[in-house]
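# Reading the structure
Listed below, chain by chain, are the residues.
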Amino acid sequence: MAKLLITGGAGFIGSHTCLVLLEAGHSLVVLDNFDNSSPESLRRVQELAGPAAADALKVIKGDVRSSSDLERALAGGCDAVVHFAGLKAVGESVAKPLLYWDVNVSGSRELLAAMRACGCRTIVFSSSATLYGLPEVVPICETAPIKPINPYGQTKAAVEQMLADIATSEAGWRIACLRYFNPVGAHPSGRLGEDPNGIPNNLFPFVSQVAVGRRSRLSVFGGDWPTPDGSGVRDYIHVMDLAEGHRAAVDVLLAEDPQLLTLNLGSGQGHSVLEVVAAFEAASGQAVPYEVVARRPGDAASSVADPSLAAQRLRWRTQRGLSEMCRDGWAWQSANPQGYAS
Ligand code: NAD
Ligand code: UD1
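Residues numbered from 1 in each chain as written. Chains lettered and ligands numbered in written order. Predicted model: local features only at pLDDT ≥ 70, side-chain atom pairs only at ≥ 80, totals over all residues. Heavy atoms only, no water.

## Some remarks on the site of ligand 2
- Neighbouring residues of ligand 2: 19 residues in total, closest Thr130, Ser219, Arg234, Arg296 and Asp299.
- Taking Thr130, its side chain carries an N or O atom lying 2.6 Å from an oxygen atom of ligand 2.
- For the shell around ligand 2, the leading source of residues is strand E8 (residues 218-221), giving four residues.
- Residue composition of the shell around ligand 2, grouped by class: eight nonpolar, eight polar and three charged. (Near = heavy atom within 4 Å. Polar contact = N/O pair within 3.5 Å; in protein donor to acceptor, adjacent residues only side chain to side chain. Helix = DSSP H or I, 4+ residues; strand = E, 2+ residues; numbered from the N terminus. Nonpolar A, V, L, I, M, F, W, Y, C, P; charged D, E, K, R; others polar.)

## A look at helix H7 (residues 203-211)
- Of all nine residues that make up H7, nine are buried, and the element is covered over most of its length.
- Among the residues of H7, those classed as buried are Leu203, Phe204, Pro205, Phe206, Val207, Ser208, Gln209, Val210 and Ala211.
- In this fold, the buried residues of H7 make contact with strand E7 (182-184), E8, strand E10 (236-238), helix H9 (273-284) and helix H11 (322-335).
- Of the residues flanking the end of H7, it is Gly213, one or two places downstream, whose phi is positive at about 90 degrees. (Buried < 20%, exposed > 50% of the residue type's maximum accessible area, 1.4 Å probe, protein only. Contact = heavy atoms within 4.5 Å.)

## Points about the site of ligand 1
- Neighbouring ligand 1 are 27 residues; Asp32, Asn36, Ser37, Lys88 and Tyr152 lie closest to it.
- Interatomic distance of 2.8 Å between a side-chain N/O atom of Lys88 and an oxygen atom of ligand 1.
- Calculation on ligand 1 without its partners gives an accessible area of 820 Å², and the protein chains cover 95% of this total.
- Of all the elements in the fold, those that place two or more residues in the shell around ligand 1 are helix H1 (12-23), strand E5 (122-128) and helix H6 (151-169). (Areas by Shrake-Rupley, 256 points an atom, 1.4 Å probe, with all protein chains shown as cover.)

## Focus: the layout of surface pockets
- Its volume calculated, the second largest pocket comes out at about 210 Å³.
- Taken together, 17 residues line the second largest pocket, and the ones lying closest to its centre are Lys3, Leu28, Val29, Gly76 and Gly77.
- Of all the secondary-structure elements, those providing two or more residues to the lining of the second largest pocket are strand E1 (3-7), strand E2 (27-32), strand E3 (57-61) and helix H3 (67-74).
- Taken together, the residues of the lining of the second largest pocket sort by class into ten nonpolar, three polar and four charged. (1 Å grid on protein atoms, 1.4 Å probe; cavity = no way out; pocket = protein on both sides within 12 Å on 5 of 7 lines; lining within 4 Å. Points joined across faces, edges and corners; volume = space filled by probe spheres on them.)

## A look at the sheet that holds E5
- Read from one edge to the other, the open sheet built from seven strands follows the order E3-E2-E1-E4-E5-E6-E11, with strand pairing classed as parallel. Each having just a single partner strand, E3 and strand E11 (260-265) make up the two edges of the open sheet. Between one strand axis and the next, the sheet turns through 20 degrees on average, direction left out of account.
- Strand direction decides the pairing type here: E2 and E3, joined by five bridges, are parallel. When the sheet's bridge partners are listed, Val29 is paired in E3 with Lys58.
- Each of E1, strand E4 (80-83), E5, strand E6 (174-180) and E11 is contacted by helix H8 (residues 239-255), which is oriented at about 160 degrees to E6, the strand it contacts most. (Pairing = 2+ DSSP bridges. Axes fitted to C-alpha atoms, helices over the stretch in contact; angles between N-to-C directions.)

## Focus on the nonpolar core
- By size, the foremost hydrophobic cluster in this structure holds 44 residues, and its most contacted members are Ile6, Leu265 and Leu314.
- In terms of residues, this core owes the most to one element, H8, which gives seven residues.
- Setting aside residues up to four positions removed in sequence, Ile6 forms contacts with Cys18, Leu21, Leu28, Val29, Val30, Leu31, Val82 and Phe84.
- Counting residues in hydrophobic clusters, the runner-up holds 26 residues, among them Val29, Ala85, Val105 and Leu111. (Core = buried A, V, L, I, M, F, W, Y, C linked by side-chain atoms within 4.5 Å.)

## What about the environment of Gly172?
- By secondary structure assignment, the location of Gly172 is in the loop between H6 and E6.
- Excluding residues that lie within four positions of it along the chain, Gly172 makes contacts with Arg121 and Pro258.

## Some points on helix H2 (residues 39-49)
- For H2, the complete set of buried residues consists of Glu40, Ser41, Leu42, Arg44, Val45 and Ala49.
- Elements that come into contact with the buried residues of H2 comprise H1, E2, E3 and H11.
- One side-chain oxygen of the residue at the start of H2 lies 2.9 Å from the amide nitrogen of Glu40, identifying that residue as Ser38.

## Comments concerning empty space enclosed by the protein
- Using the criterion set out here, one finds one cavity of 30 Å³ or more in the structure.
- Taken as a whole, the largest cavity encloses approximately 100 Å³ of empty space.
- Surrounding the largest cavity, Val184, Gly185, Glu194, Phe204, Pro205, Ser208, Phe280, Gly329, Trp332 and Gln333 form its lining.
- Broken down by secondary-structure element, the contributors of at least two residues to the lining of the largest cavity are H7 and H11.
- Residue classes in the lining of the largest cavity are distributed as five nonpolar, four polar and one charged.

## A closer look at the packing of H1 against H2
- Two elements in contact, H1 and H2, have axes separated by 9 Å at closest approach and are oriented at 25 degrees. Regarding the angle of H1 to H2, the classification is roughly parallel. In the packing of H1 onto H2, the handedness of the crossing is right-handed. Contacts between H1 and H2 involve Ser15, Cys18, Leu19, Leu22 and Glu23 from the former and Ser41, Leu42, Val45, Leu48 and Ala49 from the latter.
- Tallied by class, the residues present in the contact of H1 with H2 amount to seven nonpolar, two polar and one charged. (Parallel < 35°, antiparallel > 145°, perpendicular 65-115°, else oblique. Left-handed = near helix turned anticlockwise from the far one by under 90°.)

## Notes on the side chain of Glu160
- Within the secondary structure, Glu160 sits in helix H6.
- Exposure remark for Glu160: the relative accessible area of 11% places this residue in the buried category.
- Side chain to side chain, Glu160 and Arg179 meet in a polar contact 2.6 Å long.
- With near-sequence residues (within four places) excluded, Glu160 lies in contact with Phe125, Ser127, Leu131, Cys177, Arg179 and Thr262.

The following block contains the structure:
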């Protein structure tokens, strides 16, 4: 079993992935500055993983931009890194581009330098379907043009380029860039989930906060898109499926020859905003009032993955559908109406 460094492991995707990696028998060091998360998520990961993993999770509060924090996190040896740490709010990235280039790009550069210094050359990177911009062809293959339309997407494209450059520069790098589509849902226990600060930008957390009574109604951004019901279509992926995709990527990188893998992680199924509202109402038994308003700038009509390359290379595919995403999202939201602060 491997020794893994998980940057940003206290966050939404990181916490679920830590649990799956602990259950697979790996030992983990998490490096997180808790800028957008709470240590409580990792306490619950430890609780869910049970006594078998009692000594297998070490948590370090620190920043990926700090070489001394990275040195501490890598000190016990490391077989592979899963790099989640970063900032992800599109609107904030437009307002504060230098902050996004600093955390996402300089942070990744600092991490790669620290990895080289300690002889670790295996990394799984959290990339995003956002780098396809407004896709011309749907479903989207990995060979589609990279055309990000905001600074957040630019930073993801830049880190993918940095990883490609480092793989070319010296032998031995094992790299997976995982381009996530729309991660949603929660651990089925309701103990782990997504805990956004302030007003959620994304559909799922907004819908679940309406269902639990924290917000009065959802604004549906556009009812005139060229989609079957006029609302936007996305490829939602259950966070537990995504976590299992990371476990598979770590296993494949460590087992195979050095390589650079670039993979879409999605379900291949599109769902509209109105379908999500109906499914969430059915799963929660709560009404989700909504009104259709103007389109949001920068939105695409439809974004759906072609996930066939990941199925082939990782022998992984999604197992959970929209009703499980809503059921588990509701289990989390209803038990933790104020997130980890509940
Ligand atoms: P998140 O904000 O919940 O998790 C990110 C974690 O990184 C947080 O725990 C945060 O405290 C930590 N962090 C931030 N800056 C840091 C720094 N300088 N040093 C150390 N830790 C730092 O976000 P998430 O949804 O779990 O996303 C994880 C990764 O996946 C991010 O890189 C994000 O860009 C990417 N991604 C997310 C989505 C999505 O919809 N959630 C989609 C595509 C890609
Ligand atoms: C958004 C980001 C994307 C980022 C992703 C994950 C934008 C333009 N895109 O993607 O870069 O990678 O989040 O963090 O911000 N919707 C509503 N009402 C809402 C919220 C959303 O109708 O209150 C609609 C959107 O118009 C879209 C769908 O719901 O059709 C999904 O939206 P969202 O969850 O924000 O994800 P993306 O737009 O795919």
